[in-house]
Amino acid sequence: SALAAKTPDRAEIRVSLRRLNLTDTVWMTLEGRYLARCADGTELLLPADTNVTIFLRSGKFVLFSGGVSLSAGKKLTFLRQQEGNTVPGIRFNLQQGFYPGDLSLSVKDGAIQAVLSLPLETYLQGVVPYEMSDSFPLEALKAQAVCAWTYALSKMNPDADYDVVDTTNDQVFKGLNPEYKNTALAVTGTEGLVLTYKDKLITAWDSAS
């Protein structure tokens, strides 16, 4: 059955960005202001449109930006700084999508593990157009969105390092594309709708054919 569920205000989901195939280097551009926080608590405020390069050297991060070099330790976090109606986000080199949210970088098995924290609704707007096409009929997209809401909520686990991965192991997430209007409508139009069985969220698997 499809039931209305109470989604926590400003609920955020943590997405492991496996599709980026990060090993020892990250190139990115910050759209909006971000606060970079190192493992020892050292902070660096980065203005909008800043290009940032991060290297993993001997198991620790080194950040380069605008002629500044910063030894960041084993954990590096980028926290969005809201300014007016600007939605801070990140663009990764060679990737088309816009990734709004906070970014946490850590070291896992000798490589970079990147986890993006962002509002649940925003995440789903970067899921539905890649599980279906934005050109599909709106009602079909809404059905997909209900599955996506259900799946995402069922996977949220505060005790884990992240909630979902951005591949078909969970749901494909490629960041946001402002041109995808229909899928955005489908997500906002189904907010709070989930699929349940015996009052519990189902595991909403879906597949393409």
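One structure accompanies this document, and this report is about it. (Residues numbered from 1 in each chain as written. Predicted model: local features only at pLDDT ≥ 70, side-chain atom pairs only at ≥ 80, totals over all residues. Heavy atoms only, no water.)

Observations regarding the environment of Ser-104
Then, number 1: Assignment of secondary structure puts Ser-104 in strand E12 (residues 102–108).
Then, number 2: Overall, the relative accessible area of 18% leaves Ser-104 in the buried class.
Then, number 3: Considering only alpha carbons, one finds Ser-104 and Thr-86, 18 residues apart in sequence, at a separation of 21 Å.
Then, number 4: Setting aside anything within four residues of it in sequence, one finds Ser-104 in contact with Lys-75, Leu-76, Thr-77, Gln-113, Ala-114 and Val-115.
Then, number 5: Polar contacts involving the side chain of Ser-104 include one to the side chain of Lys-75, which spans 2.9 Å. (Helix = DSSP H or I, 4+ residues; strand = E, 2+ residues; numbered from the N terminus. Buried < 20%, exposed > 50% of the residue type's maximum accessible area, 1.4 Å probe, protein only. Contact = heavy atoms within 4.5 Å. Polar contact = N/O pair within 3.5 Å; in protein donor to acceptor, adjacent residues only side chain to side chain.)

Quick word on helix H4 (residues 181–188)
Then, number 1: Of all the residues in H4, the buried ones are Thr-183, Ala-186 and Val-187. End-on view of H4: buried residues confined to an arc of 95°, all on one side of the axis.
Then, number 2: Buried residues in H4 make contact with helix H1 (120–125), helix H2 (128–131) and helix H3 (138–155). (Arc of directions from axis to C-beta.)

Considering the pairing of strand E8 (residues 68–73)
Then, number 1: Strand direction decides the pairing type here: strand E7 (residues 60–65) and E8, joined by five bridges, are antiparallel. By the bridge assignment, Phe-61 is partnered in E8 with Gly-73.
Then, number 2: Once E7 ends, the chain turns through two residues before running back antiparallel as E8, passing Gly-66 with a positive phi of about 55°. (Pairing = 2+ DSSP bridges.)

Here's the deal with the pattern of salt bridges
Then, number 1: All chains considered together, the criterion is met by eight salt bridges.
Then, number 2: Residues Asp-163 and Arg-14 are paired through a salt bridge, measuring 2.9 Å at the closest nitrogen-oxygen approach. Taken together, the positions of Asp-163 in the loop between H3 and strand E14 (164–165) and Arg-14 in strand E2 (residues 12–16) put the pair 149 residues apart, joining distant regions of the chain. Taken as a pair, Asp-163 and Arg-14 share a single burial class, namely buried.
Then, number 3: In this structure, Asp-170 engages Lys-155 in a salt bridge whose closest nitrogen and oxygen atoms are separated by 3.5 Å. Placement of Asp-170 in the loop between E14 and H4 and of Lys-155 in helix H3 is noted, with a sequence separation of 15 residues between them. (Salt bridge = Lys/Arg side-chain N within 4 Å of Asp/Glu carboxyl O.)

Remarks on H3
Then, number 1: For H3, with 18 residues, the first-to-last C-alpha span of 25 Å sits near the 26 Å given by 1.5 Å per residue.
Then, number 2: Contacts made by the buried residues of H3 are with E2, H1, H2, H4, strand E15 (193–197) and strand E16 (200–201). (Expected span 1.5 Å × (residues − 1).)

Comments concerning the sheet that holds E8
Then, number 1: The six strands are arranged E8-E7-E6-E3-E10-E11 in an open sheet whose pairing can be described as antiparallel. Where the open sheet ends on each side, the last strands, each with one partner, are E8 and strand E11 (99–100).
Then, number 2: Pairing of strand E6 (residues 50–57) with E7 involves five bridges; the strand directions are antiparallel. Each bridged residue has a counterpart across the sheet, and for Ile-54 the counterpart in E7 is Leu-63.

Considering the packing of H3 against H4
Then, number 1: In contact at an axis separation of 8 Å, H3 and H4 are set at 55° when each is read in the N-to-C sense. When the interaxial angle is binned, H3 and H4 end up oblique. In this structure, H3 meets H4 at a crossing whose hand is right-handed. Between H3 and H4, the residues in contact are Leu-138, Leu-141, Lys-142, Ala-145 and Trp-149 and Asn-182, Thr-183, Leu-185, Ala-186 and Val-187, respectively.
Then, number 2: Among the residues making up the contact of H3 with H4, the classes are represented as seven nonpolar, two polar and one charged. (Axes fitted to C-alpha atoms, helices over the stretch in contact; angles between N-to-C directions. Parallel < 35°, antiparallel > 145°, perpendicular 65-115°, else oblique. Left-handed = near helix turned anticlockwise from the far one by under 90°. Nonpolar A, V, L, I, M, F, W, Y, C, P; charged D, E, K, R; others polar.)

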